[in-house]
Amino acid sequence: MALTPVDSASFAERHPFVSEADVKAALPEQDLAFLYGKGFRRKYRKHTIIHSPGDPGVLVHYVLFGRVKIYNISASGKEIIYRFCHPRSFFGLAELFGGGAREVYAEAMEETEVLCVNRTDFEDLSMRDPKIAIAVIRILGTRVRQAHRAIKDFSVSDVRSR
C-alpha cells in the first residue's frame, strides 16, 4: 500500500478539517498545517479491514471520503456495530491518549480515503495547543454518552426486541 504525503496548504484548502466537535474552530491555521504536514493519505477498497483488535494503536484516522464501519464480533460470532464514520470524522482516538492495542475492527464500507496521523505527532500538536486535546475529549465524551444510552436502551428492552 503506497503512502502519499499530504501537501498541507492545498490539502487544507480542499478538505476543511472539521469533526464532531468542530476541531477547525479550535485550531489556529499553523496547527492545521502541522497536522496536514505530518499526515499521509491511505486509500482503501470496499470491505478492506483498516485495523483489527490487537493491532497497535499508533495512528489516528480522519475520513476524507467514503465510509468506515467500527465494529466487533461477539463470542457467538455476531457482528456488533458501534458506529459508522463519514467524511470529516475521526476514528482511532480511543488509543490516542490511553495507548494500547486496537479493540475494534475498522472496515471500509466503500472506496475510502483517510488522513493518517501518527499518535506521537497528534500528541505533539495537543501539547502545542491544548484546544485540540479538549476537542478530542469532547468527541470521546459524546461517544461515551452514546454508548451509555445504547446500553440503557438494550438493558430495558425485552428479549424479543433485542
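Residues numbered from 1 in each chain as written. Predicted model: local features only at pLDDT ≥ 70, side-chain atom pairs only at ≥ 80, totals over all residues. Heavy atoms only, no water.

Caption draft 1: Quick look at the overall build of the chain. Along the backbone of the chain there are six helices and nine strands. Here the chain, with 162 residues, has 40% of them falling under the buried criterion. Across the chain, contacts joining residues at least 24 apart in sequence account for 75% of those joining residues at least 6 apart. (Helix = DSSP H or I, 4+ residues; strand = E, 2+ residues; numbered from the N terminus. Buried < 20%, exposed > 50% of the residue type's maximum accessible area, 1.4 Å probe, protein only. Contact = heavy atoms within 4.5 Å.)

Caption draft 2: Local environment of the sheet that holds strand β8 (residues 105-108). In space, the four strands of this open sheet follow the order β3-β8-β5-β6, with antiparallel pairing throughout. The sheet is open, and its two borders are formed by β3 (49-51) and β6 (79-85), each paired with just one other strand. On average, each strand axis in the sheet is inclined to that of its neighbour by 30°, with strand direction left out of account. For β3 and β8, the ladder comprises two bridges, and the chain directions are antiparallel. Looking at β8, one finds that histidine 51 is bridged to alanine 106. (Pairing = 2+ DSSP bridges. Axes fitted to C-alpha atoms, helices over the stretch in contact; angles between N-to-C directions.)

Caption draft 3: Main features of helix α6 (residues 130-156). Taking 1.5 Å per residue as the helical rise, α6 with its 27 residues ought to reach 39 Å, and the 39 Å between its terminal C-alpha atoms agrees with that figure. Residues of α6 that are buried: Ile132, Ala133, Ala135, Val136, Ile139 and Arg143. (Expected span 1.5 Å × (residues − 1).)

By themselves these figures say nothing about function.
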